[in-house]
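# Secondary and tertiary structure notes
Chain residues, written in single-letter form:
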Amino acid sequence: MLGKLATYLRMCGYDAAYAMDRGLEHDDPILALARAEGRTLLTRDRGLAARTDDSVLLSAREPTEQLRELREAGFRLELPDRPMRCSHCNGVVEAVDGDESTPEYAPAPAGTNVWRCRDCGQYFWKGSHWADVAATLAEL
């Protein structure tokens with residue numbers, strides 16, 4: 001239920017696992033995963049939040065309002081100098097060398113800093129989406 005929020009958190013550099021990315025829909029496996037990986041559980045489900053001490057219960061439905069709630073709860077919400085996590089799969093991203101080729105949708109790394117996810121291979125750069133997210137975070 002918090003997939004868009006996970007994307008924002010990943011862009012802020014957080015290691016943000018999303019249960020649906022792992023095929024988890026039921027409470028018990030989600031809690032087991034959070035405990036096994038030492039994660040703080042973010043949820044809108046009161047019952048689920050009550051079952052663990054390390055949780056943040058969110059009330060908002062819209063991602064921007066959820067971000068506001070997290071900021072009020074003490075989360076640092078700002079973009080790092082460079083992408084750290086894949087916003088799609090949560091993998092670690094690494095810089096692409098200037099002489100490497102990139103897919104047609106990505107800029108050439110010779111003229112723009114480009115990063116690639118080690119896990120899913122997606123490419124990232126600081127384009128208009130990065131600027132839009134920065135503006136959203138600045139408005140919180």
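All values reported here derive from a predicted model rather than from experimental measurement.

## Things to note about the packing of aromatic side chains
The description of two aromatic rings rests on the distance between their centres and on the angle between their planes. Considering all chains together, one arrives at three aromatic pairs under this definition. When the centroid spacing of 5.9 Å and the interplanar angle of 50° are considered together, the rings of Tyr14 and Phe75 count as tilted. In this pair, Tyr14 sits in the loop between α1 (3-11) and α2 (27-36) while Phe75 sits in the loop between α4 (63-72) and β3 (93-95), placing the two residues 61 residues apart along the sequence. Taken together, a centroid distance of 6.3 Å and an interplanar angle of 35° make the contact between Tyr105 and Trp125 tilted. In this pair, Tyr105 sits in the loop between β3 and β4 (114-117) while Trp125 sits in strand β5 (residues 123-125), placing the two residues 20 residues apart along the sequence. Residue Tyr105 is classed as partly exposed on the basis of its relative accessible area of 48%. With a relative accessible area of 27%, Trp125 lands in the partly exposed category. Counting every residue linked through ring pairs, the aromatic cluster contains Tyr105, Tyr123 and Trp125.

## As for the pattern of salt bridges
Two side chains bearing opposite charge may form a pair once their charged atoms approach each other closely. Summed over the entire model, instances satisfying the criterion amount to nine salt bridges. Residue Arg39 pairs with Asp15 through a salt bridge whose shortest N-O separation is 3.2 Å. Of this pair, Arg39 sits in the loop between α2 and β1 (41-43) while Asp15 sits in the loop between α1 and α2, placing them 24 residues apart in sequence. The class for Asp15 is partly exposed, based on a relative accessible area of 39%.

## Notes on the sheet that holds β5
Strands belonging to one sheet form pairs held by backbone hydrogen bonds; the direction of such a pair is parallel or antiparallel. The strand order β3-β4-β5 describes an open sheet built from three strands, whose pairing is antiparallel. Unpaired on one side and paired on the other, β3 and β5 mark the two borders of the sheet. For this sheet, the mean inter-axis angle between neighbouring strands, taken without regard to orientation, is 35°. Sheet analysis places β3 next to β4, joined by three bridges and oriented antiparallel. If you follow Val93 over to β4, its bridge partner there is Cys117.

## Here we look at unusual backbone geometry
Of note in the backbone geometry, Asn90 takes a positive phi value of approximately 80° without being a glycine. Counting through the fold element by element, Asn90 comes out in the loop between α4 and β3. Overall, Asn90 belongs to the buried group, its relative accessible area being 8%.

Analysis parameters
Along each chain, the written sequence defines residue order, and numbers are assigned to residues from 1. In view of the model being predicted, local features appear only for residues whose pLDDT reaches at least 70, and side-chain atom pairs are presented and counted only at 80 or more, with totals across whole chains, interfaces and linings using the full set of residues. Calculated side-chain values reflect all of the structure's heavy atoms, with hydrogen atoms and water omitted. To pair, rings of Phe, Tyr and Trp, with the six-membered ring standing in for Trp, must have centres within 6.5 Å; the planes then decide the type, stacked if under 30 degrees apart, edge-to-face if over 60, and tilted in the middle. Helical segments are the DSSP runs of H or I of at least four residues, strand segments are the runs of E of at least two, and each set is numbered from the N terminus. Residue exposure (1.4 Å probe, protein chains only): buried if accessible area is under 20% of the type maximum, exposed if over 50%, otherwise partly exposed. What makes a salt bridge here is a side-chain nitrogen of Lys or Arg within 4 Å of a carboxyl oxygen of Asp or Glu, nothing more. What makes two strands pair is DSSP finding at least two bridges between them. Here an axis means a line fitted to C-alpha atoms, over the contact stretch when the element is a helix, while the angle between two N-to-C directions is reported on a 0 to 180 degree scale.

Any functional reading would require information beyond the geometric quantities listed.
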